[in-house]
Amino acid sequence: MSLKDRVEVGADKGGTIMRDGTVLVTGGAGYIGSHAVLALLDAGWSVVVIDNLVTGFDWAVDSRAKLVVANIDDAEAVRSAIRAHGVTAVMHFAGSVVVPESVTDPLKYYRNTPAASRSLIESVVAEGVRHFIFSSTAATYGIPEKVPIREDSPKAPINPYGMSKLMTEIMLKDVAAAHPMNYCALRYFNVAGADPQGRSGQSTIGATHLIKIAVEAATGKRSHVGVYGTDFATADGTGVRDYIHVSDLAAAHVDALDLLIARPQESHTMNCGYGRGFSVLEVLDAVDRVTNMTIERKLEGRRAGDPDALVADNSAILAALPWRPKYDDLNGIVRDALAWERKLAERGR
Ligand SMILES: NC(=O)c1ccc[n+]([C@@H]2O[C@H](COP(=O)([O-])OP(=O)(O)OC[C@H]3O[C@@H](n4cnc5c(N)ncnc54)[C@H](O)[C@@H]3O)[C@@H](O)[C@H]2O)c1
């Protein structure tokens, strides 16, 4: 079946998919969620966000969307938002996202991902919402046996963060088998960059993502960038990761939702990455190039459980969706991240 056929299955007479109703975006005040909100609005969807603002910001939610400040495990708030806004699909980004913290405080992660997601999914099922997209992660694979990583590779998370995401994926699979709801679990690799139009970016306080840290160093918020491990089995000894531009990732969600609507009997689990990796040093070289600076690098020891390389096999998403990356360029990713960081600095944030 061609990609065109997939989209036309649920199409209206005009040949376009029916973007009927409102999408509930949990965590829509956060980094990735705020970009998904933009992509949905730009595609013609109406959007309601539920976010408790624990790491997100109300100003990060585009003014065309409605924001409900609540926890996703607050069934009354979630169910009344679904009813009030005619929600027909959910994109679920809310969660706790810092891997090392998940090791020291696992119960926080099990509360905020599987437990809170269970409550959210219960509300969604009770209100008859048919489609659900979940932010999963490459951390579900643990230390991969083979790179690039296929979706059917062993799932062996090495930290509570990855385990909490895998538990939620399993829950969704069981729920979709029992109730009239289909889902798509998108396993993100390393998300980076910012909206090329400058409408959003990563504003997280104390972020641990390499490109974010490097552009913080470039704007004087940090003195240096730590390089954790120089003895990995990679060409230059530093860890290799698959960096995907956040706006490409957001666009993948919009296409995944079209697919769920077009094929209500199917659910999907797909990697989100470009299928190529860059080492830490290659990324820092790109940051130096783009900023025309020499950011100080401090070589440190390895962190526990860091794999040599995490690179997506993205053939499943390329086959299932019309989605094609538009911003697959490391310099461009850094440029957009830097532009956002400068904007934050100007605003004193
Ligand atoms: N950033 C990455 O590279 C990456 C990689 C893989 C997966 N993910 C996943 O993507 C999702 C979004 O990550 P992000 O980087 O945008 O993080 P983020 O911290 O910027 O966004 C998370 C948002 O969820 C909200 N939130 C958290 N717990 C909540 C709760 N119980 N109820 C309501 N709102 C809550 C926060 O306030 C925040 O706005 C997460 O689920 C994360 O695990 C991120």
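Bear in mind that the values here come from a model prediction, so they are computed numbers and not experimental data.

Rules used in this analysis
- Residues numbered from 1 in each chain as written.
- Predicted model: local features only at pLDDT ≥ 70, side-chain atom pairs only at ≥ 80, totals over all residues.
- Heavy atoms only, no water.
- Helix = DSSP H or I, 4+ residues; strand = E, 2+ residues; numbered from the N terminus.
- Rg over C-alpha atoms; globule rule 2.2 N^0.38 Å.
- Buried < 20%, exposed > 50% of the residue type's maximum accessible area, 1.4 Å probe, protein only.
- Contact = heavy atoms within 4.5 Å.
- Areas by Shrake-Rupley, 256 points an atom, 1.4 Å probe, with all protein chains shown as cover.
- Lys, Arg positive; Asp, Glu negative; His and termini not counted.
- Charge placed at Lys NZ, Arg CZ, Asp CG, Glu CD.
- Pairing = 2+ DSSP bridges.
- Right-handed = clockwise from strand over helix to strand, strands pointing away.
- Near = heavy atom within 4 Å.
- Polar contact = N/O pair within 3.5 Å; in protein donor to acceptor, adjacent residues only side chain to side chain.
- Nonpolar A, V, L, I, M, F, W, Y, C, P; charged D, E, K, R; others polar.
- Axes fitted to C-alpha atoms, helices over the stretch in contact; angles between N-to-C directions.
- Parallel < 35°, antiparallel > 145°, perpendicular 65-115°, else oblique.
- Left-handed = near helix turned anticlockwise from the far one by under 90°.
- Salt bridge = Lys/Arg side-chain N within 4 Å of Asp/Glu carboxyl O.
- Phe/Tyr/Trp six-rings, centres within 6.5 Å; stacked < 30°, edge-to-face > 60°.
- Lys NZ or Arg CZ within 6 Å of the ring centre and 35° of its normal.

A. Region of interest: the overall build of the protein. The helix and strand inventory of the protein stands at eleven helices and 14 strands. Taken over C-alpha atoms, the radius of gyration comes to 19 Å for the protein, in line with the 20 Å a tight globule of 349 residues would show. When its C-alpha atoms are laid out on the principal axes, the protein stretches across 55 × 45 × 45 Å. With 349 residues in all, the protein has 54% of them scored as buried. When contacts within the protein are restricted to residue pairs at least 6 apart in sequence, those whose partners lie at least 24 apart make up 78%. Only carbon and sulfur atoms are counted for the fraction: they give 51% of the accessible area of the protein, which is about 14,900 Å². Computed over 37 positive and 42 negative side-chain charges, the inter-centroid distance for the protein is 2 Å.

B. Focus on the pairing of strand β6 (residues 182-188). Burial within β6 is extensive, with seven of its seven residues counted as buried. As paired elements, strand β5 (residues 131-137) and β6 share seven bridges and run parallel to each other. Among the inter-strand pairings, F132 is bridged to a residue of β6, identified as Y183. Traced from β5 through helix α6 (residues 160-178) to β6, the parallel crossover comes out right-handed. Summarising the sheet, β6 and strand β11 (residues 268-272) pair through five bridges and their orientation is parallel. Bridge pairing links R187 to N271 in β11.

C. Geometry of the environment of T269. Tracing the chain through its elements places T269 in strand β11. On a C-alpha basis, the gap between T269 and V280 in space is 28 Å, while along the polypeptide they are eleven residues apart.

D. Local environment of the site of the ligand. In the vicinity of the ligand lie 28 residues, with D51, T55, N112, Y161 and K165 positioned nearest. Within the side chain of T55, one N or O atom sits 2.7 Å away from an oxygen atom of the ligand. A distance of 3.1 Å is found between a nitrogen atom of the ligand and a backbone nitrogen or oxygen belonging to I72. Coverage of the ligand by the protein amounts to 97% of the 830 Å² it exposes when considered alone. Going through the elements one at a time, α2 (31-42), β5 and α6 are the ones with two or more residues in the shell around the ligand. No other element matches the three residues that β5 contributes to the shell around the ligand. A per-class count over the shell around the ligand returns 14 nonpolar, twelve polar and two charged.

E. Region of interest: the packing of α2 against helix α8 (residues 246-262). Packing of α2 against α8 leaves a shortest axis separation of 8 Å and a crossing angle of 55°. Comparing the axis directions of α2 and α8 gives the class oblique. Once α2 is placed against α8, the crossing between them reads as right-handed. Residues Y31, I32, H35, A36, A39 and L40 of α2 form the contact with α8, whose participating residues are V246, S247, L249, A250, A251, V254 and L257. Looking at side-chain class alone, the contact of α2 with α8 contains eleven nonpolar, two polar and no charged residues.

F. Region of the structure containing the pattern of salt bridges. Per the counting criterion, the structure on display carries 23 salt bridges. A salt bridge links E266 to R263; the nearest nitrogen and oxygen atoms lie 3.8 Å apart.

G. Just the environment of G86, in detail. Turning to its location among the elements, G86 is positioned in the loop between α3 (75-85) and β4 (87-92). Sequence separation between G86 and D20 is 66 residues; the distance between their C-alpha atoms is 9.3 Å. Excluding anything up to four places from it in sequence, G86 contacts G21 and T22.

H. View of the packing of α3 against helix α5 (residues 106-126). Here α3 crosses α5 at 35°, and the two axes come no closer than 9 Å. In this structure, α3 crosses over α5, and the sense of that crossing is right-handed. Residues A75, V78, R79 and I82 of α3 touch α5, and the partners they reach there are L120, S123, V124 and A126. Of the residues in the contact of α3 with α5, the class split is six nonpolar, one polar and one charged.

I. Geometry of the packing of aromatic side chains. By the definition in use, this model includes one aromatic pair. Both rings, one in F57 and one in W59, keep their centres 4.9 Å apart while their planes meet at 25°; by these two values the pair is stacked. The exposure class assigned to W59 is partly exposed, which follows from its relative accessible area of 30%. The aromatic ring of F232 is capped on one face by R302, whose charged end is 4.0 Å from the ring centroid. When the ring centre of W59 is taken as reference, the NZ or CZ atom of R349 above it lies at 4.0 Å.

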